[in-house]
Amino acid sequence: MSNNTIKREGEFELLENPDALADRLLKSESYVERHKNLFIGIFVAIAAAVVGGFLYYQNQQTKNQEALAAMFQAEYYLEADSLSKALNGDGQNDGFKAVADEYGSTKAGKLANFYAGVVSLKQGKYQEALNYLEEFKSDDLLLQARAYSLQGDANLELGKKEEAAALYKKAAEHKANDFFSPQYLMKAAVAHEAANQYAEAIEVYDRVINDYPLSPEVNEAKKYKARAEGLAKK
């Protein structure tokens, strides 16, 4: 007799024989009773995780709103080009630096890091700018790409030309698009040239020419490519 046949006969016995069914139920109850504490522990752990997750989400939402409110005046100062007040506050209102420090785990706090990086770049504090921009993470595709490009700017000012080129290319490749990507690629190529990496620069110029033939950057890419080819032969 096959195993499948035995299994089916066991199932029929449970359906047709009340004693067999009662015995199975008693065994199940006994198993639950013996492991009651385990089941209670699992239930409590699941309940705690659900409640904890909900409370964390609510707390983050509240903090995010607080951060947005705290940044309001700093954004005004940035638009007015009052860079020191935008970064450090005015004595009554927080600047981007304080908001980033206090609310860094929220979306608004991460945006404060972005703005703090922008301000620091404008002030010529390139390493500080890089530190802030590296803390910025966003699901806004264009803004994240912009952050990579600004990191490239900071590295370039710090003399780290190869790192700058890599970040510009990272910006170009982050959800590539016809408008911004060729701009970032041109910056990458120029950074490669600054590092005397002419072969790499030519390769990037070719990407602009071939991948974005309708972009305004194409004519410049062709001109700079010819120059890079001449320099590469020296």
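The preceding data block contains the structure.
Residues numbered from 1 in each chain as written. Predicted model: local features only at pLDDT ≥ 70, side-chain atom pairs only at ≥ 80, totals over all residues. Heavy atoms only, no water.

K.L.:
Would you mind showing me how to read the overall build of the protein chain here?
P.N.:
The helix and strand inventory of the protein chain stands at twelve helices and zero strands. Long-range contacts, defined here as pairs at least 24 residues apart, represent 47% of the contacts in the protein chain between residues at least 6 apart. Total accessible area on the protein chain stands at roughly 14600 Å², and carbon and sulfur atoms take up 54% of it. (Helix = DSSP H or I, 4+ residues; strand = E, 2+ residues; numbered from the N terminus. Contact = heavy atoms within 4.5 Å. Areas by Shrake-Rupley, 256 points an atom, 1.4 Å probe, with all protein chains shown as cover.)

K.L.:
What's the story with the side chain of Asn155 in this structure? I'm lost.
P.N.:
Relative to the helices and strands, Asn155 is located in helix H8 (residues 141-157). By relative accessible area, Asn155 is classed as buried at 5%. Not counting residues up to four positions away in its chain, the partners in contact with Asn155 are Leu130, Lys160, Glu163, Ala164 and Leu167. (Buried < 20%, exposed > 50% of the residue type's maximum accessible area, 1.4 Å probe, protein only.)

K.L.:
I'm lost on the packing of helix H6 (residues 107-122) against H8 in this one. Help?
P.N.:
Working note: a packed helix pair is described by the angle between its axes plus the distance between those axes. Between H6 and H8, the least distance of the axes is 11 Å, while the angle of their chain directions is 35°. Read as a crossing pair, H6 and H8 show a hand that is left-handed. Each of Leu111, Phe114, Val118 and Leu121 in H6 lies in contact with H8, whose residues at this interface are Leu143, Arg146, Ala147, Leu150, Asp153 and Ala154. Its residues assigned to classes, the contact of H6 with H8 comprises eight nonpolar, no polar and two charged. (Axes fitted to C-alpha atoms, helices over the stretch in contact; angles between N-to-C directions. Left-handed = near helix turned anticlockwise from the far one by under 90°. Nonpolar A, V, L, I, M, F, W, Y, C, P; charged D, E, K, R; others polar.)

K.L.:
Looking at this structure, how should I read helix H10 (residues 181-194)?
P.N.:
A turn of α-helix holds 3.6 residues, and therefore any two residues three or four places apart point the same way. Between its terminal C-alpha atoms H10 stretches 20 Å, which fits the 20 Å expected from 14 residues at 1.5 Å a residue. With ten of 14 residues buried, H10 is to be regarded as a mostly interior element. Those residues of H10 not exposed but buried are Ser181, Pro182, Tyr184, Leu185, Met186, Ala188, Ala189, Ala191, His192 and Glu193. For H10, the secondary structure elements touched by its buried residues are H8, helix H9 (161-173), helix H11 (198-211) and helix H12 (218-232). Immediately downstream of H10, the backbone of Asn196 shows phi near 60°, a positive value. (Expected span 1.5 Å × (residues − 1).)

As far as function goes, none of this settles anything; it's purely spatial.
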